[in-house]
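# Examination of the molecular architecture
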Amino acid sequence: MTTVPLTDPITVEITPLPRAALDELYHFLQYLQFKYGADLEPTLEAIEDEIDDFDADVALQESGDISLSRLKQELGLLR
């Protein structure tokens with residue numbers, strides 16, 4: 001069995017990203033976590049918080065009501 005040497009923990013400062021970039025970064029970190037067994041859960045949770053804040057801001061800017069059937073359709077629950 002081959003062991004891979006571990007590095008010291010690193011911190012990376014990331015400039016503000018658009019929502020699509022946050023999604024890509026999130027999925028890439030999930031891939032690294034899966035492939036290498038790295039504990040990236042705190043980082044993933046931080047990105048989830050950023051995504052939630054982004055989604056909340058977008059939702060607050062939307063005007064009007066949305067019907068339940070339209071919401072289900074947007075969530076992919078209806079065809």
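Scroll up for the structure.
Basis of the calculations
- Residues numbered from 1 in each chain as written.
- Predicted model: local features only at pLDDT ≥ 70, side-chain atom pairs only at ≥ 80, totals over all residues.
- Heavy atoms only, no water.
- Axes fitted to C-alpha atoms, helices over the stretch in contact; angles between N-to-C directions.
- Helix = DSSP H or I, 4+ residues; strand = E, 2+ residues; numbered from the N terminus.
- Parallel < 35°, antiparallel > 145°, perpendicular 65-115°, else oblique.
- Left-handed = near helix turned anticlockwise from the far one by under 90°.
- Contact = heavy atoms within 4.5 Å.
- Nonpolar A, V, L, I, M, F, W, Y, C, P; charged D, E, K, R; others polar.
- Patch = residues over 30% accessible without salt bridge, like charges linked within 9 Å, V, L, I, M, F, W, Y side chains within 5 Å.
- Areas by Shrake-Rupley, 256 points an atom, 1.4 Å probe, with all protein chains shown as cover.
- Salt bridge = Lys/Arg side-chain N within 4 Å of Asp/Glu carboxyl O.
- Buried < 20%, exposed > 50% of the residue type's maximum accessible area, 1.4 Å probe, protein only.
- 1 Å grid on protein atoms, 1.4 Å probe; cavity = no way out; pocket = protein on both sides within 12 Å on 5 of 7 lines; lining within 4 Å.
- Points joined across faces, edges and corners; volume = space filled by probe spheres on them.
- Core = buried A, V, L, I, M, F, W, Y, C linked by side-chain atoms within 4.5 Å.

## A word on the packing of helix H1 (residues 19–36) against helix H2 (residues 41–61)
Relative orientation of the contacting elements H1 and H2 amounts to 160 degrees, with a least axis distance of 10 Å. Judged by the angle between their axes, H1 and H2 are roughly antiparallel. Note that H1 runs across H2; the crossing there is left-handed. Along its contact with H1, which presents Arg19, Leu22, Asp23, Leu25, Tyr26, Leu29, Gln30 and Gln33, the element H2 presents Glu41, Thr43, Leu44, Ile47, Glu48, Glu50, Ile51, Phe54 and Asp55. For the contact of H1 with H2, the class distribution of residues is eight nonpolar, three polar and six charged.

## Here's the deal with a nonpolar patch on the surface
A contiguous nonpolar patch, built from Ile66, Leu68, Leu71, Leu75, Leu77 and Leu78 and spanning about 580 Å² of accessible area, is present on the exposed surface. Considering the arrangement of structural elements, one finds leucine 71 in helix H3 (residues 68–74). Residue class for leucine 71 comes out partly exposed when judged on its relative accessible area of 35%.

## Description of the pattern of salt bridges
Considering all chains together, one arrives at two salt bridges under this definition. Close ionic contact of aspartate 55 with arginine 19 constitutes a salt bridge, the shortest N to O distance being 2.1 Å. Of this pair, aspartate 55 sits in helix H2 while arginine 19 sits in helix H1; the two residues are 36 residues apart in sequence, bridging distant segments of the chain. It is possible to trace a salt-bridge network through shared partners that takes in Arg19, Asp23 and Asp55.

## A word on the layout of surface pockets
There is about 960 Å³ of room inside the largest pocket. Contributing to the lining of the largest pocket are 27 residues, with Ile10, Leu29, Leu32, Leu40 and Thr43 lying nearest its centre. Within the residue set of the lining of the largest pocket, elements represented by two or more residues are H1 and H2. The greatest single-element share of the lining of the largest pocket, amounting to six residues, is contributed by H2.

## Regarding the nonpolar core
By size, the foremost hydrophobic cluster in this structure holds seven residues: Leu22, Tyr26, Leu29, Leu40, Leu44, Ile47 and Ile51. Of all the secondary-structure elements, those providing two or more residues to this core are H1 and H2. Those residues in contact with leucine 44 that lie beyond four places of it in its chain are Tyr26, Leu29, Gln30 and Gln33.

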